[in-house]
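One letter stands for each residue in the lines below.
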Amino acid sequence: MHARAGLFDLYGDHLRSRGGQASVAALVRLMKPLEIAAPAVRTAVSRMVRQGWLTPVRLPRGPGYGLTPKCVRRLDEAALRIYRAGTLGWRGRWHVIVFGPVRERPRRERLRADLTFLGYAALSETTWIGPRSSIELDNLLDGEGVVADRFDAALDGDPRELVARAWDLDGIAAAYERWLAEAESLVDSLPAHAPDDRVFATRSVLVHGWRNFLFRDPGLPAELLPAGWPGEKARAYFEQEAARLLPRAAAFVDQNLETL
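Scoring rules and cut-offs
- Each chain carries its own residue numbering, running from 1 in the direction its sequence is written.
- Local features in this predicted model are restricted to residues of pLDDT 70 or higher, and side-chain atom pairs are both shown and tallied only at a pLDDT of 80 or more, whereas totals for entire chains, interfaces and linings draw on every residue.
- To obtain the side-chain values, all non-hydrogen atoms of the structure were used and water was disregarded.
- For every residue, the accessible area obtained with a 1.4 Å probe (protein chains only) is divided by the maximum for its type, and the residue is called buried under 20%, exposed over 50%, and partly exposed between those limits.
- Numbering of helices and strands runs from the N terminus, with a helix taken as a DSSP run of H or I at least four residues long and a strand as a DSSP run of E at least two residues long.
- We call two strands paired when DSSP finds no fewer than two bridges between them.
- Aromatic pairs are defined between Phe, Tyr and Trp rings, using the six-membered ring for Trp, whenever the two ring centres lie within 6.5 Å; interplanar angles under 30 degrees are classed as stacked, those over 60 as edge-to-face, and all others as tilted.
- Fitting a line to C-alpha atoms yields each axis, with helices limited to the stretch in contact; the angle taken between N-to-C directions then spans 0 to 180 degrees.
- The contact rule is simple, with two residues in contact once any of their heavy atoms fall within 4.5 Å.
- Definition of nonpolar core: a set of buried residues of the types Ala, Val, Leu, Ile, Met, Phe, Trp, Tyr and Cys, connected through side-chain atoms within 4.5 Å.

Concerning the pairing of strand β6 (residues 127-130)
And step 1. Here β6 shows no split at all, with T127 and I129 on one side and W128 and G130 on the other all buried.
And step 2. Bridge analysis of strand β4 (residues 94-99) against β6 gives four bridges, and the strand direction is antiparallel. Looking at β6, one finds that V98 is bridged to T127.
And step 3. Sheet analysis places strand β5 (residues 121-124) next to β6, joined by three bridges and oriented antiparallel. In the strand pairing of β6, A122 is matched with W128.
And step 4. Taken together, β5 and the strand that follows it, β6, pair antiparallel across an intervening segment of two residues.

Here's what the structure looks like:
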């Protein structure tokens, strides 16, 4: 796990509900069980500040970093899908986004990555669809200076054919099966009386692996997925183990936030 990814997971999974702030010293301590060294933490924090995800703050326990509104929106969007913190229903309609060509390659690649994260798939370079609109879309498009037309559309045709064309369902299904096998091995290797820092590390790796599906799985409605979709079995295991390990992982976080 890279330092930047570890910090995103830490803020989203623990610090967002604790005021969204932590001292530099606490961040270093909390990344140590993940074998992320202090210099890497500081470098990642600086990069996240430049990218607009974190902002410097003064805390009673020393200098630290808090979430920006941009990062709060991103973490809340992720939590909605990771923990099913809301209802992801489907009305049988598609959210369609159409915009002009983006000439600059860095902007084009950022736009593609961010739209994929929000659950959209490309029908062409400038036409994207998703099963629902995203609360983060306005800020994403504004940030990239992209003007888009948006449609709430019904498909004249078979939605399963559209899904099969827009998303790599076979690849996503295989990824879920691999993740589940690796997750079961990871959790089974955790001793019953493991210290809190190891429980925290195990749960962090579990959450990190699951969070990666935000960049692959748009959260399609069950009626559009193949029978026996492995994502449901994987999700059931994730929710069970993430909840079981949370109290001791949270205790480790609280202990390190309170340490001077």
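A closer look at the packing of aromatic side chains
And step 1. Within the structure shown, the criterion is met by 11 aromatic pairs.
And step 2. Ring geometry for Y176 versus W210: centroids 5.6 Å apart, planes at 45°, classification tilted. One end of the pair, Y176, is in helix α8 (residues 169-188); the other, W210, is in helix α9 (residues 196-211), with 34 residues separating them in the sequence. A single burial state applies to Y176 and to W210, both of which are buried.
And step 3. On the numbers, 4.1 Å between centres and 10° between planes, the contact of Y176 with F213 is stacked. Of this pair, Y176 sits in helix α8 while F213 sits in the loop between α9 and α10 (230-258), and the two are 37 residues apart along the sequence.
And step 4. Here F213 falls in the buried class, since its relative accessible area comes to 8%.
And step 5. Connected via pairs of aromatic rings, a cluster forms that spans Y176, W179, W210, F213, W229 and F238.

Section: the sheet that holds strand β7 (residues 148-153)
And step 1. Spatially, the four strands line up as an open sheet ordered β5-β6-β4-β7, and their pairing is antiparallel. Two strands close off the open sheet at either side, each with one partner strand: β5 and β7. Direction aside, neighbouring strands of the sheet carry axes that sit 25° apart on average.
And step 2. Lying over the sheet, helix α6 (residues 137-144) contacts β4 and β7, oriented at roughly 155° with respect to β7.

Brief notes about the nonpolar core
And step 1. Ranked by size, the top nonpolar core spans 47 residues in total, and within it W94, F99, L115, W167 and W179 carry the most contacts.
And step 2. Examining the composition of this core, we find that nine residues originate from one element, α8, more than from any other.
And step 3. Of all hydrophobic cores here, the second largest spans 31 residues; its members include L27, V41, L67 and A201.

Shape is all these values report; function is a separate question.
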